[in-house]
Each structure stands twice: as structure tokens, then as C-alpha cells.
Amino acid sequence: MKSDPIWSTPDDHLRKALPDTAQLYFCPAEVQRMARRFQAGFSGLVSYAVKANPAPEVLENLVAAGLHAFDVASVAEMRAVRAVCPDAVLHYNNPVRSRVEVAQAALIGIASASVDCAGELAKLAVLPRGTEISVRLALPVKGAAYDFGTKFGAGPDQAVNLLAQVAAMGFTPAMTFHPGTQCGDAGAWAAYIHACAVVAVRADVRLARLNVGGGFAAHRGGAAPDLGAVFARITQETHAAFGADAPQLVCEPGRAMVAEACQLATRVKSLRGDAVYLNDGIYGALAEWRDITGHDRLRVVTADGATRAGALVPRIVFGPTCDSIDRLPDPVLLPSDLSEEDYVIFAGMGAYGSAIATRFNGYGPDAMVTVAAFSA
Ligand SMILES: *Cc1c(COP(=O)(O)O)cnc(C)c1O
């Protein structure tokens, strides 16, 4: 296993090290488990969206579990991937690029690039013929935590023109879309897959591949999402929409691949009435809490390692910085016996939180601590 754990569990580390700064615990076995689950369950190529968590230990464990394809959005991400996997297949799917970035991507040797407007396609003319160019479609589809279609993607008519142009330029034609992150509705993929089939027919182009994006939901409270049902629906709708001409599939999960790879331990600095001050907040690893909360995915342990089991009461939760917006938007249910110096441990924090965390005011999580498992 890559990144040999030093600690058995987060609780083991907390009890012995008594950290007074926020800790991100990383479990290599969890990353490898999800990589295998995607590769076994999804009927196509699995490519990891690096932005969700670009830590070298995350990338190394994905490679150790058999992943070789990566969705990269910047030259820095391409280099980070190649540093741990020199022969990695790079899908450059940020559809807005400077000419300097395109030239660097050509040198590094990308396998594919997405495009959503004619001006951006013109910039890609310097890429070798045979490179796969996938036209990114945007539909007004609901189901995700936030809508990606407002920033990227061509509407159906524009996609028809782009796809015909991609084929005419001698590139390998493909299509892609992103249903929006934390998408709980498999119907969003179904709508996109059928719309892509219509675009391909109208452009009179046979798609070599269809990239169904990321957007697979992580477990953020309640029951864990049924990934298997989403995979099955994607396969079924692809056959229904394309028939015998079905393109090969690609998916590029970020969030769902790594969410379970980390847990965040924060410490209670102070209690005032029903307000709690933690040593991490929205400028740190809880950055995404405003849009995608974790509801019931937290627990509290004391400095001696006992679990707090008091009745749950709503508390206002503030982060540690001197900024008044450093506060979780809704009250959080925490045990009534919560005390100063307790640790509040958030599960499912491997996606985006650590990638976005700042060191504002000198706070933010420390470097990741590797653990063998999240519970004994
Ligand atoms: C962010 C992103 C992803 C990953 O999205 P998740 O919601 O984290 O799965 C995949 N593809 C592209 C093009 C992206 O921008």
C-alpha cells in the first residue's frame, strides 16, 4: 500500500498526540476501495478529476489501484499527475484555455481535450490530428448541488456545428457533459446521453467516445448514494440512445472517488451559550459546507477518547478566524455534553475541502495524517 500508515485510526492519533490544530486524516485503503468500485462497476474508462483532491498520496493510491486516466484542468495538474504516473493518460477538460496553455498541453502530450465554442476549437488546431476532441454539451438539467451548465458547455445547435467541425478537422470526435456536482438524480445523465445521441445524428458524426462527466454523489448524510444504480442507468440509456453504434464510455468522478478518503478532526476552542467555536471553518477544510453539508456525518470524542453520546442539540458553529462570515450557515446538531477541547470529527471530507482550504489568519488543516482505517 502507498503511504504506509503510522496511526491505526484518527482516534488513536487524537488520543496520543492531542493536536490543537485541525487534522485531516487520510486512509489509503478508502481511496483504493473507491477506485476499484468505479472500475468494477462503470462500463467504460474511469478517469479521475484531479481538482477534487490533488494530493500526491491520493494520486499514488489511485494509480496503485489501477487507475491511469486523469481529468486535468491546468498545466500544473498535468505535471502533478505525470510526477506520480509518467505514462498517465491526460484528458484536458477545462474548455477555456490560453494559447500558452494549449502549447504546453501539446508538449506534455494530452490524449483528449473538450471544447464548447468555435473560438476555443480554433486554438486547438495546433494539437496533433487523432487527438480526441469532445464537444461539451450543456442542457438546463436539474439534480445537482450546483449547476455547471451556466459556466461551460454549448447548447444543442452549437454542439452540432462544433462536432461536425471537429470531425472535418481530422480530430477523433467525442462528446462530453457534466451533470453538476453532487448529482443525486440518474435522470440527469439519461437526459444528457439522449441529447448527445441527437446531436451526433444531426452532425452526421459517429462518436468514438462519450464522456459522462463527474457529478457522482458522495455520502453527505442520510443513506449513502446508490452508485451501482447510476452506473446501470448510464449503460442502459447509452444502449437505448445509440443502439449498435454505442460509443465507448468514459467517466471522470472527482467528489465520489475521494470523499471517503479523509476525515477532518476539529477541536472545540470555546463554548458560549449555544455557539461553538471550532479550530477550523469555512476558510479551511469546511469551505464547502455552505453548499454541501454533511448533516449527520459527524461525531464527537473527548480528549481521553470517549465518545460523547448526549442528546443532539442545534448549535451555531463558528470557525477560528477573525472574520464574522466564518460560520457554518445552518445550526449543526451536536451532543448536549459537548465540552471545550473535545474533538468534532467530520467524515467524508476528502473531496474539495482540503483542495480549497486556505491558511487565512494562520488556521486551516495541517498536512494530512495517514491512518490504516477510520475506526478500529
Ligand atoms: C469538476 C469536474 C469533474 C468532477 O466533478 P465531481 O462533481 O467532483 O465528480 C469532472 N469533469 C470536469 C470537466 C470537471 O470540471
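Quick caveat, the model's predicted, so the values are computed rather than measured. Within each chain, residues carry numbers counting from 1 in the order of the written sequence. Given that this is a predicted model, residues contribute local features only at a pLDDT of at least 70 and side-chain atom pairs are listed and counted only at 80 or more, while totals for whole chains, interfaces and linings are drawn from all residues. In computing side-chain properties, one takes all heavy atoms of the structure into account and sets aside hydrogens as well as water.

### Looking at the domain arrangement of the protein
Reasoning step 1: An automatic or database domain assignment provides the domain bounds reported here. Domain boundaries assigned for the protein yield domain 1 (10-25 + 262-370) and domain 2 (28-258).
Reasoning step 2: Between the C-alpha centres of domain 1 and domain 2 there is a distance of 33 Å.
Reasoning step 3: Residue contacts are defined here by distance: any two heavy atoms, one from each residue, within 4.5 Å place the two residues in contact. Every contact between the two is made by 20 residues of domain 1 and, on the other side, 18 residues of domain 2.
Reasoning step 4: Buried surface at the junction of domain 1 and domain 2, both sides included, amounts to about 1500 Å², of which 52% is carbon and sulfur.
Reasoning step 5: Between E288 and R255 there is a salt bridge whose closest N-O contact spans 2.7 Å.
Reasoning step 6: Polar contacts here mean pairs of N or O atoms no more than 3.5 Å apart (in protein, one a potential hydrogen donor and the other a potential acceptor; neighbouring residues in sequence count only if both atoms are side-chain atoms). Scanning the region where domain 1 abuts domain 2 turns up eight residue pairs in polar contact (both at pLDDT 80 or more).
Reasoning step 7: A class-by-class count of the residues in the side of domain 1 that touches domain 2 yields nine nonpolar, seven polar and four charged. We define buried area as the total accessible area lost by two parts upon association, computed with a 1.4 Å probe and summed across both. Salt bridges are defined by distance alone: a side-chain nitrogen of Lys or Arg within 4 Å of a carboxyl oxygen of Asp or Glu. Charged means Asp, Glu, Lys or Arg here, nonpolar means Ala, Val, Leu, Ile, Met, Phe, Trp, Tyr, Cys or Pro, and polar covers whatever is left, Gly included.

### Describing helix α7 (residues 156-168)
Reasoning step 1: For helices the rule is a DSSP run of H or I covering at least 4 residues; for strands it is a run of E covering at least 2, with both sets numbered from the N terminus onward. Expected span of a helix, by definition, is 1.5 Å for each gap between consecutive residues, and there is one gap fewer than residues. Over its 13 residues, α7 runs 18 Å from end to end, which matches the ideal 18 Å to within 8%, given 1.5 Å per residue.
Reasoning step 2: Within the sequence span of α7, burial applies to A159, V160, L162, L163 and V166.
Reasoning step 3: Taken together, the buried residues of α7 touch β5 (112-115), α6 (118-123), β6 (132-136), β7 (172-176) and α8 (186-203).
Reasoning step 4: Downstream of α7 by a residue or two, G170 has a phi angle that is positive, lying close to 90 degrees. Buried residues are those whose accessible area, probed at 1.4 Å on protein chains only, stays under 20% of the maximum for their type, while exposed residues exceed 50% and partly exposed ones sit between those limits.

### Quick notes on unusual backbone geometry
Reasoning step 1: Look at Q182: it is not a glycine, yet its phi comes out positive at around 50 degrees.
Reasoning step 2: Summarising the element assignment, Q182 is placed in the loop between β7 and α8.
Reasoning step 3: The phi angle at E341 is positive, at roughly 75 degrees, despite the residue not being glycine.
Reasoning step 4: If you trace the backbone, E341 turns up in the loop between β14 (332-335) and β15 (343-346).
Reasoning step 5: Judged by relative accessible area, E341 falls into the partly exposed class, the value being 41%.

### Topic: the side chain of D342
Reasoning step 1: Tracing the backbone through its elements, the reader meets D342 in the loop between β14 and β15.
Reasoning step 2: Since its relative accessible area comes to 2%, D342 is described here as buried.
Reasoning step 3: When sequence neighbours within four positions are dropped, the list of residues in contact with D342 reads T266, R267, V268, V300, V301, T302, R308 and D337.

### Remarks on the packing of aromatic side chains
Reasoning step 1: Ring pairs are drawn from Phe, Tyr and Trp, using the six-membered ring of Trp, whenever the two centres fall within 6.5 Å, and their geometry is named by plane angle: stacked under 30 degrees, edge-to-face over 60, tilted for the rest. Applying the stated criterion across every chain, the model contains nine aromatic pairs.
Reasoning step 2: Ring centres of F38 and F216 lie 5.4 Å apart, and the angle between their planes is 80 degrees; this geometry places the pair in the edge-to-face category. In this pair, F38 is assigned in helix α2 (residues 28-41) and F216 in the loop between β8 (209-211) and α9 (227-242), connecting sequence segments 178 residues apart.
Reasoning step 3: Residue F216 is classed as buried on the basis of its relative accessible area of 1%.
Reasoning step 4: Between Y283 and F360, the ring centres sit 4.5 Å apart and the planes meet at 65 degrees, which makes this aromatic pair edge-to-face. Here Y283, found in the loop between β11 (275-278) and β12 (298-301), pairs with F360, found in the loop between α11 (353-356) and β16 (369-370); they are 77 residues apart in sequence, far enough to count as distant.
Reasoning step 5: With relative accessibility at 21%, the residue Y283 sits in the partly exposed group.

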